[in-house]
Amino acid sequence: MRAILLGGGLSLILSLIGTRYAIRVLKAKGYGQEIREDGPDSHKTKRGTPTMGGIVIILSTLVAYGLAKLITGEMPTASALLLLFLFAGCGLVGFLDDFIKIYRQRNLGLRSRAKMIGQTFIALVFAGVAISPWLENSHGIRPASMHLSVLRDWQAWTLPAVLVMLLFWVIITGTSNAVNLTDGLDGLAAGASVMVFGAYTIINIWQSNQTCFQVPRPEAGCYEVRDPLDLAVIAAAITGACFGFLWWNASPAQIFMGDTGSLALGGGLAGLAILTRTEFLLLVLGGLFVMETLSVMMQVSYFKATKGKRIFRMAPIHHHFEMLGWEQVTVVIRFWIVTGFLVALGVGVFYAEWVSSAGV
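Re the state of the cysteines
Line of reasoning, step 1. Per the stated rule, a full pass over the model turns up 1 disulfide.
Line of reasoning, step 2. Paired through a disulfide, C212 and C222 show a sulfur-sulfur distance of 2.0 Å. Taking the sign of the S-S torsion, 95° for the link of C212 and C222, the bridge is right-handed. Within this pair, whereas C212 is found in the loop between α6 (188-209) and α7 (228-249), its partner C222 is found in the loop between α6 and α7, the two being separated by 10 residues in sequence. Comparing C212 with C222, the two get one shared label, buried.

And the structure:
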C-alpha cells in the first residue's frame, strides 16, 4: 500500500512541476498546436498553444513508479512492466504524430496507416508477451488470460492464441483512439482519465485483497489476477500525473497533452482492462470515450450513406454541443459528470458481482 501512495503522490508532484517547465521549454522552441481548419471558430485562438504535454504524464508515471519500487525495496512485476511498455509505446506513436505536425506546421501528422501500423506493432508485442507461458507465476497464472472477461474470466471458453491477440489488438487500438478523439476540449480527456484510472486503482486494490493465492483454500469470489497490487501502483501514478497536468490544462489550457498523452492514456486503460480481467467493464468505466467514438462512427457512416447529410453538427460529439452554443467549460464539466456517473456505476457493478459470487 505504501508503494501505491508513493506512486500517486510522487507522480502528482512531478507532473505539477514538470508541466510548468514543459510549458516554458515548448513555448521557447515554438512547439505549438495546429488547429483543424473545419473546427469551431472559438478554437482558432488556441493556435500556437504548447502541445506534446503528454511527455510529462508519461515521464512522471515512469519515474514515480520507479521511485516507489526503489523506496519500498520491491521488485517490479511482469504485469507492471508490460503495462508500462504499452503505456509508453502508445505514447511514442503519439509523439511521432505530434512531432510531424509541429515540424511541418500542419494539423496532419502521421498518416492513418502509419499510425495504425505503430499501434498494431505495440499491441501485438504486448499481447504476445502477456499470454506467454514464460511469464506464468508459481500458481500458473499469466499476466493476461486466454478467456473472455467481463468482471473476471469467463471460464466457459478458452480462446486460441490468435483470437486472443486479435481481441487485445481491438481493445488497445480502439481505446487509445477513443481517448484521442475525446481530447478536443481543455481538460476534458485529462479530467475523465483521472476518474477512470482512479477507479482502476480501487479495483486493483480490491482484487489484491481478495486474491485466490493468499489463503490455503481459495474462497468464493476471489480473483485470479497475477499482480494486482503492482498494477494499482501504476494506475495511481497515472492518476496523479493526470491530476498534475490538469492544473495547467484546465480552461484556458496553457498546454495540450497532444496525441502523445491521449494515445498513452488510452493504451494504459486498455492494458489495465486486459491485465485485470475486466475487459468489458471498461466499456462502462470509459463510457465517455465510447460515446465520443460512436458519435464519429455514426457521423461518418450517415454522411456517406446520405451523400452529405449529418446527424451531429460536428463530431466528435463534444463539438456538437459547442455548435449548439454551449460554452466549452460547460461541455467539459457536464461530460465529467457523465464520466463520474459511469465510473460509479462500473465500480458498483464490480463490487455487486463480488458480493453475489462470494455469497455475502
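Comments concerning unusual backbone geometry
Trans is the prevailing form of peptide bonds, just as negative phi is the prevailing case for residues other than glycine.
Line of reasoning, step 1. The omega torsion of the bond from S251 to P252 falls at -5°, within 30 degrees of zero and hence cis.
Line of reasoning, step 2. Topologically, P252 is positioned in the loop between α7 and α8 (258-275).
Line of reasoning, step 3. A cis amide bond links A315 with the next residue in sequence, P316, at an omega value of 0°.
Line of reasoning, step 4. Mapped onto the secondary structure, P316 falls in the loop between α10 (287-305) and α11 (317-323).
Line of reasoning, step 5. In this structure, R277 is a non-glycine residue whose phi angle is positive, near 60°.
Line of reasoning, step 6. Within the secondary structure, R277 is located in the loop between α8 and α9 (282-285).
Line of reasoning, step 7. Of note, K307 is a non-glycine position whose phi angle comes to about 60°, a positive value.
Line of reasoning, step 8. Looking at where K307 falls in the secondary structure, it is placed in the loop between α10 and α11.

A closer look at the nonpolar core
Line of reasoning, step 1. If you look at the biggest cluster of nonpolar residues, it comprises 88 residues, and the most contacted ones within it are F126, F168, I172, Y200, L265 and L269.
Line of reasoning, step 2. A total of 12 residues in this core trace back to one element, the largest contributor, which is α7.
Line of reasoning, step 3. Not counting the four nearest positions on each side in its chain, F126 is found in contact with L82, L83, F85, L86, I172, G271, I274 and L275.

Digging into the packing of helix α3 (residues 78-104) against α7
Line of reasoning, step 1. As a packed pair, α3 and α7 sit with axes 8 Å apart at the nearest point and diverge in direction by 30°. Taken together, the axis directions place α3 and α7 in an arrangement best described as roughly parallel. When the axes of α3 and α7 are compared, the crossing they make is right-handed. Each of S79, A80, L83, L84 and F87 in α3 lies in contact with α7, whose residues at this interface are D230, L231, I234 and I238.

Details of α7
Line of reasoning, step 1. For α7, which comprises 22 residues, the first-to-last C-alpha distance of 30 Å matches the rise-based estimate of 32 Å (1.5 Å per residue) to within 8%.
Line of reasoning, step 2. The buried fraction of α7 is high, at 19 of 22 residues.

Observations concerning the pattern of salt bridges
Line of reasoning, step 1. Tallied over the full model, the rule gives 10 salt bridges.
Line of reasoning, step 2. K101 is paired through a salt bridge with D97; the nearest N and O atoms lie 3.3 Å apart. One end of the pair, K101, and the other, D97, are both in helix α3, 4 residues apart, so they sit about a helical turn from each other. The same class applies to K101 as to D97, namely buried.
Line of reasoning, step 3. Residues K115 and D259 are paired through a salt bridge, measuring 3.2 Å at the closest nitrogen-oxygen approach. With K115 in helix α4 (residues 112-130) and D259 in helix α8, the pair connects residues that are 144 residues apart, well separated along the chain.
Line of reasoning, step 4. Accessibility expressed as a relative area gives 14% for K115, which makes it buried.
Line of reasoning, step 5. For D259, a relative accessible area of 7% corresponds to the buried category.

What to know about the packing of aromatic side chains
Line of reasoning, step 1. With the rule as written, the count across this model stands at 7 aromatic pairs.
Line of reasoning, step 2. When the ring of W206 is compared with that of Y351, the centres are 5.6 Å apart and the planes differ by 75°; the resulting orientation is edge-to-face. Separated by 145 residues along the polypeptide, W206 in helix α6 and Y351 in helix α12 (residues 328-358) bring together distant segments of the chain.
Line of reasoning, step 3. The class of W206 is partly exposed, set by a relative accessible area of 25%.
Line of reasoning, step 4. Look at W206 and W354: their rings are 5.0 Å apart centre to centre, the planes differ by 90°, and that puts the pair in the edge-to-face class. Placement of W206 in helix α6 and of W354 in helix α12 is noted, with a sequence separation of 148 residues between them.
Line of reasoning, step 5. Members of the aromatic cluster, connected to one another through ring pairs, are W206, Y351 and W354.

Observations concerning the packing of α3 against α8
Line of reasoning, step 1. One can describe the packing of α3 onto α8 by two numbers: an axis separation of 7 Å at closest approach and a directional angle of 155°. One finds that α3 runs roughly antiparallel with respect to α8. Crossing of α3 against α8: the hand is right-handed. Taken together, the residues of α8 that come into contact with α3 (itself represented by S79, L83, L86, F87, C90, G91, V93, G94, F95, D97, D98 and K101) are G258, D259, T260, L263, A264, L265, G267, G268, G271, L272 and L275.
Line of reasoning, step 2. Each residue belonging to the contact of α3 with α8 can be placed in one class, and the counts come to 11 nonpolar, 8 polar and 4 charged.

Parameters and conventions
Residues numbered from 1 in each chain as written. Predicted model: local features only at pLDDT ≥ 70, side-chain atom pairs only at ≥ 80, totals over all residues. Heavy atoms only, no water. Disulfide = S-S within 2.5 Å. Helix = DSSP H or I, 4+ residues; strand = E, 2+ residues; numbered from the N terminus. Buried < 20%, exposed > 50% of the residue type's maximum accessible area, 1.4 Å probe, protein only. Core = buried A, V, L, I, M, F, W, Y, C linked by side-chain atoms within 4.5 Å. Contact = heavy atoms within 4.5 Å. Axes fitted to C-alpha atoms, helices over the stretch in contact; angles between N-to-C directions. Parallel < 35°, antiparallel > 145°, perpendicular 65-115°, else oblique. Left-handed = near helix turned anticlockwise from the far one by under 90°. Expected span 1.5 Å × (residues − 1). Salt bridge = Lys/Arg side-chain N within 4 Å of Asp/Glu carboxyl O. Phe/Tyr/Trp six-rings, centres within 6.5 Å; stacked < 30°, edge-to-face > 60°. Nonpolar A, V, L, I, M, F, W, Y, C, P; charged D, E, K, R; others polar.

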